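Descriptive analysis of the structure
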Amino acid sequence: MNGIPPLFRQPLAIALLLIAVLLVLGEQLSPGFASMQQILRLLIVAALLGIVAAGQNLVILGGREGIDLSVGGIISLSAIIAGNLMNGADAGIPLAIAGCIVAGAFFGLLNGLGVTLLRIPPLVMTLGMLGVLQGLLVVIRNGIPSGRAAPVLSQFVTQPVLFGLPGIIWLWIAVGLLMAFLLRRTVFGQRIYAIGSNEHAAIMAGVPAARIRILLFVLSGVFAAIAGICLLGYSGSSFANVGEQYMLPSIIAVVFGGTSLAGGKGGYTGTMAGAVMLVVLQSILTTINIEESGRQMIFGATLLVLMLFYGRGRAMRT
Amino acid sequence: MSKLVLRDVSKTYGATVALSHGDLTLEAGEVHVLIGSNGSGKSTLCKIVAGSVRPDSGRVEIDGKPVAISGPQAARTLGIGIFYQELSLAARRTVEENICLSDLPMKAGLFIDRATLSDRAARYIALFDGVTGEGFAADAPVDTLRADQRQLVEIMKTLASEAPILIFDEPTSALDRAQVDRFFEILRGLKNDSRTIVFISHRMDEIFAIGDRVTIIRDGRTISSMAIADTQPPALIRLMVGEKEELASASAPAPAPDAGKTALAVSGLSGPGFANVGFDLKHGEILGFGGLHGQGQSAALRALFGANPYVSGTVSLAGHPVRIATPAEAIRQGFAYVSGDRRRDGVITGRSILENVTPIHFLRRRLALVRPGALRKAAEPAISAMKTRFAGFSHPIDSLSGGNQQKVVIARWLIDRPDILLLDDPTKGIDLSAKADLFALIRELAAHGMAIILYSSEDAELLANADRILVFNGGRPVRELTGEDRTRYNLYQAAYEAAFGAA
Ligand SMILES: Nc1ncnc2c1ncn2[C@@H]1O[C@H](COP(=O)(O)OP(=O)(O)OP(=O)(O)O)[C@@H](O)[C@H]1O
Ligand SMILES: [Mg+2]
């Protein structure tokens, strides 16, 4: 780790600092950028991203090059399933939620089985799954309408429900607490770190590595599905590939938050800060009229730079 | 003039003083032994000389001139080569690439010169002809090798540095007798070339076989140096552990096999690397597995533990046939397996000491929640029974000395006592007094009815602690030594010759 300034060893601190800097910068570029209302809007988007990133975080922590590229596909699928099952009626919400979670878990399970039983590298497996999901979405779209969000769902995502904060932010806080508890206070959490750091040693110590890894992919699918439902609530109706734009940022948020892509090191608190940081950055880029393609490029470059800083931890200990 | 002089070097990590006062004088043409308990600062001292740890204070002179060792590269240029206790090999690279890793021959300054690389590596590989064992090849990736073979590669890599000063930090911990003998032959050759050699080992016989001078280091201080010829093992041990402590006697409670029931019966067990392994193990008994390295001892133990597959044979526990496919199942059935290859099988790198000591406890007690307070309490007796030196449960395991890491790995199996304890060269890297404690503990566990299998690459350890010994050769047990037959001579003879029908 020589040569890296000490500050860069504290990902959470950097993320928070960057958020503050970006907000000030945004306010300079366009007055009102850092207004309370704007910040709330940003937090809603950050919550959507943060929920996806929770699953991504788990998969990455589990090591063996763990990564889930299919989250975008699952989000889109979940949004369209939810839109059709509720179709504008509040009564359809429970069924929609159940349906989406089952679908997310199912595709996550396929990812997990492919990675463990068939030993397909996660990158390849989940990329393949993304392709499958995209095809599936085209088929679905040709047959059925996109569906609409139920009013309660839209309200939950966009309107204040408690202490002036929208329900989705509370949901995100709950996810944050759940993740902290899971990773720090459960045996399951410790086993995730164990397989991420030294899978072989973990297995020798009785850790059922394959079962845990499958579960991580299932959880990632479920988190993506939940994000898909919320996304539907956010935009009112689902449209083609709404989820796509979340895949890369979900990975960046995790890495930016200090979780090592090699696995076994990191946590979710940093990821939450990373998600907020990314959303603020994205908003600034929009403010200064940078097109979607430009933003994607900047995000990709950010990931590469992050890898430069954080990716070195793997060097052999001497 | 001395080759290398260290004056008053020190190093602290946060609140831990790794080395408080290191003085060392090395002469050309000598093998200088460093001896001290686990965590006394030997590796820290070596790493300072090799430039991979920056000392907080102190001076270094080479050939009488003060030098600054600013990093590993600087140390190499100053003529210092090092064997790292935790090895410094690139896992996915081949043996020959690793041997030449620190100085890759290049073509046109851009491409690796394969032919030169192979030639150069072959010279060092040839030094160990005949003792490298099965599966060892110049083009084998290092992560496919056994622990002893990886250690040989690290030795070759160190030799390939051709440095005038060579530091070996526990190079023999996983080697068997034949490999050690060969290594010592090589060291004697280097000595005649007036190279300077530092050698660290916890095996007393090795120290007396190869050392010229010895420096004793205790609690981070080098306390004295003397010629090996002027001292005796008991005197060294006293200097090492301090006047007060006594080494535990390994055979403290008389072996009390309750002449009882068979705990584990194995017959005709065959699989990759072992064939036709069969024995009955009683409660209270310590069965030794002997022989040269890689003769199937580890492979058979791993198969019993569900870590390797077996293709035929039967295993029964207390009379009931079982088929164990994973370590988790084995642990639930009451097995424990301590591996000497802690880097691969033991240490969960980067995680805390607590996380490293508790996984078996979680499984045996079917716990779902982590309660650090309760876990510390549960782990405390096991960890202190192993006399582990550590600053706190929440510190990362990597901050421990090699021997102390191994103690943590052993301790994880002792929180909830298993019925059958499989020890696969368990003392690798742990010091003399801890070793004595461990064997006293093992004897006591046996006295309480635990059934134990001990494989050791150190013959003395086997002879002193096993009630009977199965000698392996070519993957199968070829001879059983019991009672008076358990002699060093018989052990060697069986290990080397039994394959030709002498049994
Ligand atoms: N990176 C580190 N961070 C914190 N403490 C460390 C670190 N490296 C070593 N130590 C501490 O320094 C002390 C000396 O360690 P060192 O590795 O030099 O012991 P050693 O004599 O080589 O022991 P062993 O026989 O077990 O290999 C130990 O108490 C160890 O915990
Ligand atoms: Mg050491």
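These numbers were taken from a predicted model, which means no experiment stands behind them. All residue numbers here refer to positions counted from 1 along the written sequence of the relevant chain. Here chains are named by letter from A upward and ligands by number from 1 upward, in the order in which they appear as written. It should be noted that, the model being predicted, local features are given only for residues of pLDDT at least 70 and side-chain atom pairs only at 80 or more, the latter also being counted only at that level, while totals for whole chains, interfaces and linings use all residues. Hydrogen atoms and water are omitted, and side-chain values are computed over all heavy atoms in the structure.

Notes on the overall build of chain B
For clarity, the threshold we go by: Helical segments are the DSSP runs of H or I of at least four residues, strand segments are the runs of E of at least two, and each set is numbered from the N terminus. Exposure is judged per residue with a 1.4 Å probe applied to protein chains only, and the accessible area is read against the type maximum: over 50% gives exposed, under 20% gives buried, and values in between give partly exposed. Using the Shrake-Rupley algorithm and a 1.4 Å probe, accessible areas are obtained, with residue cover drawn only from the displayed protein chains. Under this rule, positive means Lys or Arg and negative means Asp or Glu; His and the chain ends count for nothing. Where a charge lies is defined by one atom per residue type: Lys uses NZ, Arg uses CZ, Asp uses CG and Glu uses CD.
Along chain B, the regular secondary structure elements total 18 helices and 22 strands. Within chain B, buried positions represent 57% of all 503 residues. Of the roughly 19800 Å² that chain B leaves accessible, carbon and sulfur atoms contribute 51%. In chain B, 57 positive and 58 negative side-chain charges are present, and the distance between their average locations comes to 5 Å.

Details of the site of ligand 1
Residues and elements named next belong to chain B. Formally: If even one non-hydrogen atom of a residue comes within 4 Å of a molecule or strand, that residue is called near it. Any pair of nitrogen or oxygen atoms within 3.5 Å is treated as a polar contact; in protein, a donor-acceptor pairing is required on top of that, and neighbouring residues in sequence qualify only through side-chain atoms on both sides. Note that Gly is not counted as nonpolar here; it falls among the polar residues with everything else outside the nonpolar set of Ala, Val, Leu, Ile, Met, Phe, Trp, Tyr, Cys and Pro and the charged set of Asp, Glu, Lys and Arg.
Every one of the 20 residues lining ligand 1 counts as a neighbour, but K42, S43, T44, S401 and G403 are closest to it. Interatomic distance of 2.9 Å between a side-chain N/O atom of N38 and an oxygen atom of ligand 1. K42 places a polar side-chain atom, nitrogen or oxygen, 2.8 Å from an oxygen atom of ligand 1. Burial of ligand 1 by the protein chains amounts to 89% of its free accessible area of 640 Å². Tallied by class, the residues present in the shell around ligand 1 amount to three nonpolar, 15 polar and two charged.

Remarks on the packing of helix α4 (residues 93-116) of chain A against helix α9 (residues 209-235) of chain A
Residue and element names in this part refer to chain A. Put simply, the rule is: Interaxial angle, 0 to 180 degrees, is taken between N-to-C directions of lines fitted to C-alpha atoms, where a helix line uses only the stretch in contact. Handedness of each helix crossing follows the sense of rotation of the near helix against the far helix: counterclockwise by less than a right angle gives left-handed, clockwise gives right-handed. By the convention used here, residues are in contact when the closest approach between their heavy atoms is within 4.5 Å.
With their axes 7 Å apart at the nearest point, α4 and α9 run at an angle of 145 degrees to one another. In this structure, α4 crosses over α9, and the sense of that crossing is right-handed. The segment α4 lies against α9, with I97, C100, I101, G104, A105, G108, L109, N111, G112, L113, V115 and T116 engaging A210, R213, I214, F217, V218, G221, V222, A225, I226 and I229. Residues of the contact of α4 with α9, tallied by class, amount to 15 nonpolar, six polar and one charged.

Comments concerning the coordination of the magnesium ion (ligand 2)
Residue and element names in this part refer to chain B. Going by this rule: Coordinating donors are taken as N, O and S atoms within 2.8 Å of the metal, stretched to 3.2 Å for Na, K and Ca; because water is absent from the atoms, sites can appear incomplete.
Donor atoms from the polypeptide that bind the magnesium ion (ligand 2) are S43 (OG) and Q85 (OE1), placed at 1.9 to 2.1 Å. Of this pair, S43 sits in helix α1 (residues 42-49) while Q85 is found in the loop between β6 (80-83) and α3 (95-99), placing the two residues 42 residues apart along the sequence. Classification of S43 as buried rests on a relative accessible area of 17%. Looking at Q85, the relative accessible area reads 14%, which means it is buried.

Examining the interface of chain B and chain A
Size of an interface, as often reported, equals the accessible area lost when the parts are brought together. To keep it simple, the criterion reads: Accessible surface is computed with a 1.4 Å probe, and the buried area is the amount of it that two parts give up when combined, taken over both parts together. Salt bridge, as used here, is a side-chain nitrogen of Lys or Arg placed within 4 Å of a carboxyl oxygen of Asp or Glu.
Taken together, the contact between chain B and chain A spans 39 residues of the former and 23 residues of the latter. Taken as a group, I348(B), R351(B) and V370(B) account for 21% of the area that chain B buries against chain A, more than any other trio of residues on that side. Linking chain B with chain A are zero salt bridges. Our count for the contact surface shared by chain B and chain A stands at eight residue pairs in polar contact (both at pLDDT 80 or more). Of all elements in the fold, only α10 (327-332), α11 (342-346) and α13 (359-365) of chain B reach the threshold of two or more residues within the side of chain B that touches chain A. In terms of residue class, the side of chain B that touches chain A is made up of 23 nonpolar, six polar and ten charged.

Considerations on the nonpolar core
Counted only if it meets this: Buried Ala, Val, Leu, Ile, Met, Phe, Trp, Tyr and Cys residues form a nonpolar core when they are joined through side-chain atoms within 4.5 Å.
By size, the foremost hydrophobic cluster in this structure holds 135 residues, and its most contacted members are I99(B), F168(B), L264(B), F279(B) and I453(B). The dominant element in this core, judged by the number of residues it contributes, is helix α16 (residues 432-447) of chain B, at eight residues. Of all hydrophobic cores here, the second largest spans 99 residues; its members include I80(A), A225(A), L232(A) and L285(A).

A short note on the environment of N473(B)
Residue and element names in this part refer to chain B. With respect to the helices, strands and loops of the structure, N473 is situated in strand β21 (residues 468-473). You can call N473 buried: its relative accessible area is 13%. Along the chain, N473 and S52 lie 421 residues apart, while their C-alpha atoms are 41 Å from each other.

Let's talk about the sheet that holds strand β19 (residues 420-424) of chain B
Residue and element names in this part refer to chain B. Stated formally: By this definition, two strands are paired if DSSP reports at least two bridges between them.
Across the sheet, six strands lie side by side as β18-β19-β20-β15-β21-β22; this open sheet has mixed pairing. Bordering the open sheet on either side are β18 (335-339) and β22 (476-482), each of which pairs with just one other strand. Direction aside, neighbouring strands of the sheet carry axes that sit 20 degrees apart on average. The pairing of strand β15 (residues 286-290) with β21 spans four bridges and is classified as parallel.

Description of the sheet that holds strand β13 (residues 262-271) of chain B
Residues and elements named next belong to chain B. Taking strand neighbours across the sheet as the criterion, the four strands line up as β14-β13-β16-β17 in an open arrangement whose pairing is antiparallel. The sheet is open, and its two borders are formed by β14 (274-282) and β17 (320-322), each paired with just one other strand. On average, each strand axis in the sheet is inclined to that of its neighbour by 20 degrees, with strand direction left out of account. The pairing of β13 with strand β16 (residues 312-317) spans five bridges and is antiparallel. What sits directly across from L264, in β16, is L317. The strands touched by helix α9 (residues 297-304) are β13, β14 and β16; relative to β14, the strand with the most contacts, the crossing angle is about 65 degrees.

Structural notes on the side chain of D68(A)
Residue and element names in this part refer to chain A. Along the chain, D68 falls in the loop between α2 (36-61) and α3 (71-86). Within the buried set, D68 has no salt-bridge partner at all; the shortest N-O distance to an opposite charge, 12 Å, is to R213. At a separation of 2.7 Å, a polar atom in the side chain of D68 contacts the side chain of S70. A distance of 2.8 Å separates a polar atom in the side chain of D68 from a polar atom in the side chain of S220. Excluding its chain neighbours within four sequence positions, the residues that come into contact with D68 are Q56, V59, N111, T126, F217 and S220.

Looking at the domain arrangement of chain B
Residue and element names in this part refer to chain B. For clarity, the threshold we go by: The start and end points of each domain follow an automatic or database-based domain assignment.
Here chain B is partitioned into domain 1 (4-241) and domain 2 (264-500). Look at where the C-alpha atoms of domain 1 and domain 2 centre, and you get two points 28 Å apart. The partner domain 2 presents 28 residues to the 29 residues of domain 1 that form the contact. Together domain 1 and domain 2 conceal approximately 2300 Å² of surface at their shared face, both sides included; 44% is due to carbon and sulfur atoms. Together, N38, E86 and R177 form the three largest contributors to the area buried by domain 1 at its contact with domain 2, with a combined 29%.

Describing the pairing of strand β4 (residues 57-62) of chain B
All names here are of chain B. Pairing between strand β1 (residues 4-13) and β4: five bridges, direction antiparallel. Each bridged residue has a counterpart across the sheet, and for L4 the counterpart in β4 is I62. Direction of pairing for β4 relative to strand β5 (residues 65-67): antiparallel, over a ladder of three bridges. Directly across from I62, in β5, lies its bridge partner K65. Between the antiparallel neighbours β4 and β5 lie two residues, among them D63 with a positive phi of about 50 degrees.

Observations regarding the packing of helix α5 (residues 147-160) of chain B against helix α6 (residues 177-192) of chain B
All names here are of chain B. The cut-off we apply is this: Note on terminology: angles under 35 degrees are roughly parallel, angles over 145 are roughly antiparallel, angles of 65 to 115 are roughly perpendicular, and the others are oblique.
α6 packs onto α5 with a crossing angle of 5 degrees between their chain directions and a minimal axis gap of 12 Å. Looking at the two axes, α5 sits roughly parallel to α6. Taking contact as the criterion, the partners of D148, L152, I155 and L159 in α5 are, on α6, Q179, F183, I186 and L190.

Here's the deal with helix α6 (residues 151-158) of chain A
Residue and element names in this part refer to chain A. What counts, and what does not: The directions considered for the arc are those from the helix axis to the C-beta atoms.
Where α6 is concerned, the buried positions are L153, S154 and V157. The arc that holds the buried residues of α6, viewed along the axis, is 100 degrees, so those residues lie on one side. The inward-facing, buried residues of α6 abut α2, α3, α4, β2 (165-166), α7 (167-185) and α9.

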